[in-house]
Amino acid sequence: QVRLAESGGGLVQPGGSLSLSCVASGSITRINEMAWYRQAPGKERELVASEPSSGATNYASSVKGRFTISRDNAKNMVNLQMNNLRPEDTAVYLCEADISTIEDISQTWVQGRYWGQGTQVTVYA
């Protein structure tokens, strides 16, 4: 029973900053990749940034140079520092994690993709 919990959303002025965090808890053996997505009203969900357990991070072109994703593996946490926010950044931001777990009874590896409930980010003057 894996759960992801986001925090840090809110209302900010254009040009302001916000820091989002997401903590994964439950039956976790390994977190392979963690990412942030966002979805605005009337638009499809899009990838904002992702970071695998090893390898390079990935950013949407619209946020490069403004957003920074980081992980704290000891705390099963992923953060998103957002600077120079723009009105078009307004959306629900969702945390995503690809997690592998060993089942207690079968001792079989189970891989799954999990989502948080989302946190609202509103950029408004």
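For the structure itself, look to the data block above.
Parameters at a glance
- Residues numbered from 1 in each chain as written.
- Predicted model: local features only at pLDDT ≥ 70, side-chain atom pairs only at ≥ 80, totals over all residues.
- Heavy atoms only, no water.
- Core = buried A, V, L, I, M, F, W, Y, C linked by side-chain atoms within 4.5 Å.
- Buried < 20%, exposed > 50% of the residue type's maximum accessible area, 1.4 Å probe, protein only.
- Helix = DSSP H or I, 4+ residues; strand = E, 2+ residues; numbered from the N terminus.
- Pairing = 2+ DSSP bridges.
- Disulfide = S-S within 2.5 Å.

Draft legend 1. Focus on the nonpolar core. Judged by nonpolar contacts, the single largest core of 29 residues is most densely connected at Trp-36, Val-48, Phe-67, Leu-80, Met-82 and Tyr-93. Put simply, the parts of the chain that give this core at least two residues each are strand S3 (18-25), strand S4 (30-39), strand S5 (46-52), strand S7 (67-72), strand S8 (77-82), strand S9 (91-102) and strand S11 (119-123).

Draft legend 2. Quick peek at the pairing of S7. Taking every second residue as pointing to the same face, the buried face of S7 carries Phe-67, Ile-69 and Arg-71, while none of Thr-68, Ser-70 and Asp-72 on the other face is buried. The pairing of S7 with S8 spans 6 bridges and is antiparallel. Note on S8: the bridge partner recorded for Arg-71 is Val-78. Hairpin connection of S7 to S8: 4 residues between the antiparallel strands, including Asn-76 at a positive phi of 50°.

Draft legend 3. Spotlight on unusual backbone geometry. The phi angle at Asn-76 is positive, at roughly 50°, despite the residue not being glycine. The residue Asn-76 is located in the loop between S7 and S8 in this model. Despite not being glycine, Asn-84 shows a phi value in the positive range, around 50°. Inspection of the secondary structure puts Asn-84 in the loop between S8 and S9.

Draft legend 4. Broad picture of the state of the cysteines. According to the stated counting rule, one finds 1 disulfide in the structure shown. Here Cys-22 engages in a disulfide with Cys-95; their sulfurs sit 2.1 Å apart. Of note, the bridge from Cys-22 to Cys-95 carries an S-S torsion of about -85° and is left-handed in sense. Note that Cys-22 is positioned in strand S3 and Cys-95 in strand S9, a separation of 73 residues in sequence. Its relative accessible area of 0% is what places Cys-22 among the buried residues.

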